[in-house]
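# Topology and contacts: notes
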Amino acid sequence: GLLGTSRSAFVTILFYGYWLGLGSNIIVLTGALTRIPKEIFESGKLDGVSFMREFFSLTLPLIWPTLSTLLIFQMSGIFTADSGTFLLVGSGGQKGTSTIGFWLFDYLYRLSESNADTRHFGYPAAVGLVLTVVTIPIVLVVRHFLEKGTDDMSY
């Protein structure tokens, strides 16, 4: 099966994650595309702009703020708890498949199942704080590079 080897299991989990978010991303991007005034495209057609030039010079810059926001969410999503992965691979992961967020989720799940004593939750809480400290600079750097070289456009 697709979860039979570590390589195919990891690819399956990645595909599952992107497929799960595809519907909401399409809705957000469709909303951004429908906000672009038709007059901009009509003006481009009158100027003889090709389809590719229209996409790269008109459409992409106008939806870039929305697209960069989605990319930033994807970057920060790398470290989040991934309970969908838990549904695919079960507790402990199959064939060594895991993500950082899934490992933290699974550790807390096993800890809460085996011990009702709340004194043992300090380690996962510390890992969560460290992940936050690591994630924030990564997301801010990605945001800086995504916003670099793009002008603020209003229409």
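Right above here is the structure, for reference.
The structure presented is a predicted model; accordingly, all values stated were derived computationally and were not measured.

What counts, and where the lines are drawn
Throughout, residues of each chain are indexed from 1 in the direction in which the sequence is written. Residue-level local features of this predicted model are given only where pLDDT is at least 70; pairs of side-chain atoms are given and counted only at 80 or more, and the full residue set underlies all totals for whole chains, interfaces and linings. Computation of side-chain values covers all heavy atoms of the structure but excludes hydrogens and water. Two aromatic rings from Phe, Tyr or Trp, using only the six-membered ring of Trp, form a pair when their centres are within 6.5 Å; if the ring planes differ by under 30 degrees the pair is stacked, by over 60 it is edge-to-face, and anything between is tilted. Burial classes follow relative accessibility: with a 1.4 Å probe on protein chains only, a residue under 20% of its type's maximum area counts as buried, one over 50% as exposed, and anything between as partly exposed. Salt bridge criterion: a side-chain nitrogen from Lys or Arg within 4 Å of a carboxyl oxygen from Asp or Glu. Elements are defined by DSSP. Helices are runs of H or I of four residues or more, strands are runs of E of two residues or more, and each kind is numbered from the N terminus.

## Description of the packing of aromatic side chains
Tallied over the full model, the rule gives one aromatic pair. With 5.0 Å between their ring centres and 80 degrees between their planes, Phe-55 and Phe-56 make a pair best called edge-to-face. Overall, Phe-55 belongs to the partly exposed group, its relative accessible area being 33%.

## Some details on the pattern of salt bridges
Within this structure, the stated rule accounts for one salt bridge. With a shortest N-O distance of 3.3 Å, Arg-143 and Glu-147 are connected by a salt bridge. Of the two residues, Arg-143 and Glu-147 both sit in helix α6 (residues 122-147), four residues apart, roughly one turn of that helix. On the accessibility criterion, Arg-143 (39% relative accessible area) is partly exposed. Glu-147 sits in the partly exposed class, given a relative accessible area of 41%.

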